[in-house]
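# Inside the fold
Letter by letter, the chains look like this.
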Amino acid sequence: MPGDLRPIPGDLLHVTRAASVQFVRPIFFRVIRVHDDWHTYQGWLWLDGYQMDSKGDAVDRRSIYVRPAGLRWLNHAARSPAQPRSPVTRTPAQPRRRA
């Protein structure tokens with residue numbers, strides 16, 4: 001994966017020592033938020049998400065500090081640099097009406 005590719009919410013990542021020295025034991029990580037507003041060193045970013053077990057179940061919520069160039073994508077939610085990224089838009093939930 002090119003180094004300029006950034007994770008988006010929903011991406012499933014394999015996070016290894018290539019992403020940060022703290023990951024001597026690799027983890028699977030589902031992204032829920034990328035902290036673009038947190039100041040970091042050039043080429044690094046903070047991610048919020050869930051650490052996943054081998055069955056795909058969330059076992060811990062955590063924030064991790066990584067280099068995107070060292071991440072490995074495991075699902076199809078990641079975009080290649082050639083594909084446009086559309087912002088995530090959410091529509092407010094409609095109140096339930098009682099019959």
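All values reported here derive from a predicted model rather than from experimental measurement.

The strand order β4-β3-β2-β1-β5 describes an open sheet built from five strands, whose pairing is antiparallel. Looking at the sheet topology across the chains shown, the edges are occupied by β4 (58–66) and β5 (72–73). Pairing of strand β1 (residues 12–15) with β5 involves two bridges; the strand directions are antiparallel. Note that in β5 the partner of histidine 14 across the bridge is arginine 72.

Right, let's talk about the packing of aromatic side chains for a bit. With the rule as written, the count across this model stands at three aromatic pairs. The interplanar angle of 20° and the centroid separation of 5.1 Å between the aromatic rings of tryptophan 44 and tyrosine 65 together place this pair among those described as stacked. Residue tryptophan 44 is located in the loop between β2 (27–34) and β3 (45–52), and its partner tyrosine 65 is located in strand β4; the two are separated by 21 residues in the primary sequence. Residue classification places tryptophan 44 among the partly exposed residues on the basis of a relative accessible area of 27%. Site record: aromatic cluster; members linked through ring pairs are Trp38, Trp44, Trp46 and Tyr65.

Conventions used here
- Residues numbered from 1 in each chain as written.
- Predicted model: local features only at pLDDT ≥ 70, side-chain atom pairs only at ≥ 80, totals over all residues.
- Heavy atoms only, no water.
- Pairing = 2+ DSSP bridges.
- Helix = DSSP H or I, 4+ residues; strand = E, 2+ residues; numbered from the N terminus.
- Phe/Tyr/Trp six-rings, centres within 6.5 Å; stacked < 30°, edge-to-face > 60°.
- Buried < 20%, exposed > 50% of the residue type's maximum accessible area, 1.4 Å probe, protein only.

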